[in-house]
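Structure assessment
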Amino acid sequence: MKTKNAQPAAKRSLGRKKKDIETTPGLLRLSPEKAAFDVGKIRKDFPILSQKVHGKPLVYLDNAATTQKPVAVLQALDRYYRETNSNIHRGLHLLSEKATEAYEGSRLKVQKFLNAADPREILFTRGATEGVNLVAQAWGRQNVKAGDEVLVTHMEHHSNIVPWQMLCEEKGATLKVVPINDAGELLLDELQRLLSSRTRILAVTQVSNALGTVNPIAEIIKMAHAKGAKVLVDGAQAVPHLAVDVQQMDCDFYVFSGHKIYGPTGIGVLYGKYRLLEEMPPYQGGGDMIASVTFEKTLYKKPPHKFEAGTPHIAGVIGLGAALDYVSECGLGAIAAHEQDLLAYGTRKLLGIPGLNLVGTSVHKAGVLSFTLGEIHPHDIGTILDRQGVAIRAGHHCAQPVMERFRIPATARASLGLYNTRDEIDVLAKAIRKVLEVFG
Ligand code: C6P
């Protein structure tokens, strides 16, 4: 995968020891560039991180659920409501013009961030979930018929399963599932076998939220296209960790959520190839998506406006633009290098804990450490860790088929963000050992 925005050579060392990075099998090797950034400085951009919980310094390791917001994003939201608040695309007055400019400016930022060919290919949604539903309903209803097949994988989040199930039920189509191996990697030969002339679309995650697996997405898309299938990529867990280039990967649709990339909740993005968007009917009807309305006939605007009915989450869009600016300034290459270092360090630390079993040991992984600890229920692990200031998630992570595949009810999951440190991994490991003590 291409790395864009790579930082120049490190100004300051993170104190990484070579052996820590290179001795853990099954992890991405850090590139020699290893662009380090100043994580101490970065942490100061996130006011929430300096608080204590239960009297202990907060160690926030629930970034796959949602990320914290830098001051730049908080200020963008505050500034919008204080100085520019107005509806967009409607008013002739100055505030409306400014709000429209900021909103459409964010669309350009997203276009650049994903390297989309055209800003009209960028639609704002409520999040990844709404993006998948939009494609399943608007594209799916038009293109999937009885006897057709929709392909998903065994590692999908419920958001990339249920909308397709609903479509298949409605249309009499069949949902097929690409299996995964014990490391949590997609079985590409099975994918090849399952793809056929009946396959209308493959819906696949770029990075698994429950396992951390990074899929070879360009290769997968090529395989699906060779059979004439379209591909929707769920990028919810990819965009915060990897540089994404939708033209290079050649996906037909790509979705992500703002809140997982240091932006506000309630805002997300759907990228779609313009020709496909043009052919799709609208998802919802209402204001701002029409060219003209009579009781006899309504004409729709062109994409993206055809798919943005009603007053959108204007502040959210502007906040998302600020978040993408922030991440781009940090440099996705530098973020990836930092997180891969933490992942390697954390993997080594956790594997040293008696009875700890890592769930998800793919060769290519992003910053997720999902684990079980003997017979101790992950909810108990989460509660004990919380008392020590460590925030993780425990449960099925909205990926019940993954739990079923590994024959476990749940995992405890520590997930990394750009502001996490090795010291925090040490606190995590210590807190897990405390769980062992409690359960004697
Ligand atoms: N995963 C997690 O803790 P929304 O809710 O629309 O912002 O994102 C849905 C979604 C879709 N795909 C993947 C791969 C995801 O991880 C998520 C959200 C969170 O893992 C909350 S369940």
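What counts and how
- Residues numbered from 1 in each chain as written.
- Predicted model: local features only at pLDDT ≥ 70, side-chain atom pairs only at ≥ 80, totals over all residues.
- Heavy atoms only, no water.
- Pairing = 2+ DSSP bridges.
- Helix = DSSP H or I, 4+ residues; strand = E, 2+ residues; numbered from the N terminus.
- Axes fitted to C-alpha atoms, helices over the stretch in contact; angles between N-to-C directions.
- Contact = heavy atoms within 4.5 Å.
- Domains from an automatic or database assignment.
- Buried area = accessible area lost by both parts, 1.4 Å probe.
- Salt bridge = Lys/Arg side-chain N within 4 Å of Asp/Glu carboxyl O.
- Polar contact = N/O pair within 3.5 Å; in protein donor to acceptor, adjacent residues only side chain to side chain.
- Nonpolar A, V, L, I, M, F, W, Y, C, P; charged D, E, K, R; others polar.
- Core = buried A, V, L, I, M, F, W, Y, C linked by side-chain atoms within 4.5 Å.
- Buried < 20%, exposed > 50% of the residue type's maximum accessible area, 1.4 Å probe, protein only.
- Phe/Tyr/Trp six-rings, centres within 6.5 Å; stacked < 30°, edge-to-face > 60°.
- Lys NZ or Arg CZ within 6 Å of the ring centre and 35° of its normal.
- Near = heavy atom within 4 Å.
- Expected span 1.5 Å × (residues − 1).

**Section: the sheet that holds strand β9 (residues 253-257)**
Pairing between the strands of a sheet is mediated by backbone hydrogen bonds and can be parallel or antiparallel. Here we have seven strands laid out as an open sheet, ordered β4-β10-β9-β8-β7-β5-β6, and mixed in their pairing. Each having just a single partner strand, β4 (122-125) and β6 (174-178) make up the two edges of the open sheet. Direction aside, the axes of adjacent strands within the sheet are offset by 20° on average. Relative to β9, strand β8 (residues 230-234) runs parallel, the two sharing three bridges. Each bridged residue has a counterpart across the sheet, and for Asp 234 the counterpart in β9 is Val 255. Contacting β5 (149-153), β6, β7 (199-205) and β8, helix α6 (residues 162-171) runs over the sheet at an angle of about 145° to β6.

**Focus on the domain arrangement of the protein**
Segmentation of the protein into domains returns domain 1 (3-60 + 331-438) and domain 2 (72-329). Taking only C-alpha atoms into account, the centre of domain 1 sits 28 Å from that of domain 2. Across the boundary between the two partners, domain 1 contributes 39 residues, which contact 36 residues of domain 2. Summing both partners gives a buried area of about 2,900 Å² for domain 1 against domain 2, and 56% of it is carried by carbon and sulfur. Here domain 1 and domain 2 share one salt bridge between them. When the shortest N-O distance is used, the salt bridge between Asp 182 and Arg 405 registers 2.8 Å. In this assembly, domain 1 and domain 2 are joined by 22 residue pairs in polar contact (both at pLDDT 80 or more). Of all the secondary-structure elements, those providing two or more residues to the side of domain 1 that touches domain 2 are α12 (332-351), β14 (368-373) and α14 (400-405). Taken together, the residues of the side of domain 1 that touches domain 2 sort by class into 19 nonpolar, 13 polar and seven charged.

**Considerations on the nonpolar core**
Soluble globular proteins tend to bury their nonpolar side chains together. Formed by 78 residues in total, the largest nonpolar core has its most connected members in Val 110, Leu 114, Tyr 254, Phe 256, Ile 261 and Leu 320. Per-element tally for this core: the top contributor is helix α11 (residues 314-330), with eleven residues. Formed jointly, this core draws a minimum of three residues from each of two domains, domain 1 (3-60 + 331-438) and domain 2 (72-329). Each residue touching Val 110, except ones within four places of it in the same chain, is listed here: Ile 122, Phe 124, Phe 256, Val 269, Leu 320 and Leu 324.

**What about unusual backbone geometry?**
Keep in mind that most residues, glycine aside, have a negative phi and that most peptide bonds are trans. At the junction of Pro 303 and Pro 304, the peptide bond is cis and its omega measures out at 5° in the coordinates. Following the sequence through the fold, Pro 304 ends up in the loop between β12 (298-300) and α11. Of note in the backbone geometry, Asp 288 takes a positive phi value of approximately 75° without being a glycine. With a phi close to 60°, His 397 is a non-glycine residue in the positive phi region. As for its placement among the helices and strands, His 397 is situated in the loop between β16 (393-395) and α14.

**Some words on the packing of aromatic side chains**
Each aromatic ring pair is summarised here by two numbers: the centre-to-centre distance and the angle between the ring planes. Evaluation of the coordinates by the stated rule reveals seven aromatic pairs. Considering the side-chain rings of Phe 46 and Tyr 326, the 5.7 Å spacing of their centres and the 85° angle between planes classify their relative orientation as edge-to-face. One end of the pair, Phe 46, is in the loop between α2 (39-44) and β1 (52-53); the other, Tyr 326, is in helix α11, and 280 residues separate them in sequence. Across the pair, exposure class does not vary: Phe 46 and Tyr 326 are buried alike. Through a chain of ring-to-ring contacts, three or more aromatic side chains come together here, namely Phe 46, Tyr 262, Tyr 326 and Tyr 419. Directly above the aromatic system of Tyr 274 lies the positively charged group of Arg 120, at a separation of 4.1 Å from the ring centroid. Across from the ring centre of Phe 406, 5.3 Å away, lies the NZ or CZ of Arg 405, which sits over that ring.

**Examining the site of the ligand**
Residues in close proximity to the ligand total 17 residues, the closest being Thr 129, Asp 234, Gln 237, His 259 and Arg 393. Measuring from an oxygen atom of the ligand, one finds a side-chain N or O atom of Arg 393 at 2.4 Å. Between an oxygen atom of the ligand and a side-chain N or O atom of Arg 413, the distance comes to 2.8 Å. The residue makeup of the shell around the ligand, split by class, is five nonpolar, eight polar and four charged. Looking at the shell around the ligand, you find at least three residues from each of domain 1 (3-60 + 331-438) and domain 2 (72-329).

**Considering α11**
The terminal C-alpha atoms of α11 lie 25 Å apart, and with 17 residues this matches the ideal 24 Å at 1.5 Å per residue to within 8%. By the criterion of burial, α11 is predominantly enclosed, with 14 of the 17 residues buried. Residue Gly 331 follows α11 closely and has a positive phi angle near 95°.

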